[in-house]
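Structural characterization, general
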Amino acid sequence: MMKKRLFKIIIFLMMFLLSFSLHAEVKKYYQITIDRDIDATAWLDLKMGILEAEKKASEAVILNLNTYGGLVLYADSMRTLILNTEIPVYVFINNNAASAGALISIACDSIYMVRGANIGAATVVSGESGEKAMDKYQSYMRAIMRSTAEAQGKKIVTTSGEEKEVWRRDPLIAEAMVDEIVVVEGVDDSTQILTFTAEEAVKNGYCEGIYKNVDQIIRHSLNAQDYEVEYYESDFWTKLKGWLLNPYLQSVLIMIIVGGIYFELQTPGIGFALCASIVAGLLYFAPLYFDGYADAWEGAVIVVGVLLLLLEIFVVPGFGIFGIAGIICLFGGLFLSMVDNDLFDFELISSERIINSIIAIGISMLGSIALIIYLTSKIGSDGIFKDLALTTSQDIEDGYVGVDTQSENLIGKEGVTSTVLCPSGKVVVDGEYYDAISETGYSEEGEAIIVRKFSTGQLYVRKK
């Protein structure tokens, strides 16, 4: 009886250990899909997805990518994140990885492609026209592509019985994807920018395998039979923050900030212009702060700039040191909040990002000036701006009369009463007759007086 009980316990323990071991072999993978242009939202999706994958102790991140390119600014941030993250990142190109997409793909630990997919064509283009940018931008992009390829390191290959070290991904090929002047012998010539099909990418070391889907990659390339795949889902706030980080929208917000401050200074009290400026400032600064680009002290620099401008306008006459310092603080705060500096440490920030930030703020400032000039000429005229200014006239026919304010110049001057003041009457100042009220009560005709103030069309006088 004792032997049977012992046998059952052993069997139970063996089954428990077997079940535990089988469960422990289940591998977890995290998939992030980017099927759009590379922009702030794509960058945030990758960033948040990698953070989630790390929290859940995933084996690797699989980036399901299909893009025709986008902003180099965010592509550079994405490739830097991939290169520096501890968790392996594999990319599956399910259609296209062009331009910025090629840069992101090369940064990944392994590249997989579906048959018919393409990678390459990473030339920098400018604006909506799609024209090739200046040579300095192409040179910078070539350097980024080359350094990204070099970051994958080298491998040992055997050729004719001799072992030698070669790059896992040839940096020269990465450069040729940017500029047609780069020639890779046996791969391309100087007539076109390099783009690989899936088969060509495999042949030249820019693809580890051709598969139909992510499941095939996990089973056949990563050798995982028992696995789970979790999928990243972008939430509303991430999409909103990505939209607010769009450089074009940021330029518009800067225009509203500057324009709102100007128009508020032209009107008494607190009105719509100041409210619009504050809201635009919050929309500009908040996503940069919460995303880690901007610190609280950079927001404080912007506030100090505004306060110095107010001080220059309302307290100090003319335009001097406070006004200049205010403009510098305002411009500097906006610029510093756009670049991820660490207390003026720009070592890890690309020169292109610095230049683009300065250009964006400069264009926004010029746009603000143009907007101010335009609105100033339009406010009060016919059209949508008609009701933004008071245009009602007070005509004499309607009983309105004008009041001569030149009498204010008489304040402090001496004269004599031409009639009895009890307390009102007439006085003579500089040979002219004026209505006056005595602040000292009854005054006889011919008494010397001094003008104390002017109000509601009357002089107020005292006995001398």
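Structure: see above.
These notes cover the structure that comes with them. (Residues numbered from 1 in each chain as written. Predicted model: local features only at pLDDT ≥ 70, side-chain atom pairs only at ≥ 80, totals over all residues. Heavy atoms only, no water.)

What to know about the overall build of the protein chain
Summing up its helical and strand segments, the protein chain has 14 helices and 17 strands in all. Scored against the burial criterion, the 464 residues of the protein chain give a buried share of 39%. Total accessible area on the protein chain stands at roughly 26500 Å², and carbon and sulfur atoms take up 59% of it. (Helix = DSSP H or I, 4+ residues; strand = E, 2+ residues; numbered from the N terminus. Buried < 20%, exposed > 50% of the residue type's maximum accessible area, 1.4 Å probe, protein only. Areas by Shrake-Rupley, 256 points an atom, 1.4 Å probe, with all protein chains shown as cover.)

Some remarks on the packing of helix α2 (residues 40–55) against helix α3 (residues 72–84)
Describing two packed helices takes the angle between their axes plus the distance from one axis to the other. Where α2 contacts α3, the axes come no closer than 9 Å and their chain directions differ by 15°. Here α3 runs roughly parallel to α2, going by the angle between their axes. Relative to α3, the crossing made by α2 is left-handed. Contacts between α2 and α3 involve Ala40, Ala42, Trp43, Leu46, Lys47 and Ile50 from the former and Tyr74, Ser77, Met78, Leu81 and Ile82 from the latter. Partitioned by chemical class, the residues of the contact of α2 with α3 number nine nonpolar, one polar and one charged. (Axes fitted to C-alpha atoms, helices over the stretch in contact; angles between N-to-C directions. Parallel < 35°, antiparallel > 145°, perpendicular 65-115°, else oblique. Left-handed = near helix turned anticlockwise from the far one by under 90°. Contact = heavy atoms within 4.5 Å. Nonpolar A, V, L, I, M, F, W, Y, C, P; charged D, E, K, R; others polar.)

Topic: the nonpolar core
Grouped together as the largest cluster of nonpolar side chains are 88 residues, with contacts concentrated most on Ile32, Ile34, Ile38, Met113, Ile119, Met145 and Tyr206. Apart from the residues within four sequence positions on either side, Met145 is in contact with Ala102, Leu103, Ile106, Ala122, Ala174, Met177 and Val178. Leu410, Ala436, Val451 and Val461 belong to the second-largest nonpolar core, a separate cluster that totals ten residues. (Core = buried A, V, L, I, M, F, W, Y, C linked by side-chain atoms within 4.5 Å.)

Some details on unusual backbone geometry
If you check the backbone angles, Ser99 has positive phi at about 55° while not being a glycine. Locating Ser99 in the fold gives a position in the loop between β3 (89–98) and α4 (100–107). Notably, Asp430 is not glycine yet its phi reads approximately 55°, a positive angle. By the secondary structure assignment, Asp430 is in the loop between β14 (424–429) and β15 (432–438).

A look at the side chain of Asp45
Looking at the element boundaries, Asp45 is found in helix α2. Of the side chains bearing the opposite charge, Arg36 lies closest to the buried Asp45, which forms no salt bridge; the N-O distance is 5.6 Å. Those residues in contact with Asp45 that sit more than four places away from it in its chain are Ile32, Tyr232, Ser234 and Thr238. (Lys, Arg positive; Asp, Glu negative; His and termini not counted. Salt bridge = Lys/Arg side-chain N within 4 Å of Asp/Glu carboxyl O.)

Let's talk about α4
Of all eight residues in α4, eight are buried, a share of seventy percent or more. Among the residues of α4, Ala100, Gly101, Ala102, Leu103, Ile104, Ser105, Ile106 and Ala107 are the ones counted as buried.

Here we look at the sheet that holds strand β13 (residues 414–417)
Around the barrel, five strands lie side by side as β13-β14-β15-β17-β16; this closed barrel has mixed pairing. Across this sheet, the average inter-strand angle for adjacent strands is 55°, counted without regard to direction. (Pairing = 2+ DSSP bridges.)

Some remarks on the packing of aromatic side chains
Note on aromatic pairs: each is described by the distance of the centres and the angle between the planes. Considering all chains together, one arrives at five aromatic pairs under this definition. The interplanar angle of 65° and the centroid separation of 5.8 Å between the aromatic rings of Tyr112 and Tyr211 together place this pair among those described as edge-to-face. Of this pair, Tyr112 sits in strand β4 (residues 110–113) while Tyr211 sits in the loop between β11 (209–210) and α8 (214–221), and the two are 99 residues apart along the sequence. Classification of Tyr211 by relative accessible area gives buried; the value is 16%. Here Phe236 and Trp237 contribute two aromatic rings whose centre-to-centre distance is 5.1 Å and whose plane-to-plane angle is 75°, an arrangement assigned as edge-to-face. (Phe/Tyr/Trp six-rings, centres within 6.5 Å; stacked < 30°, edge-to-face > 60°.)

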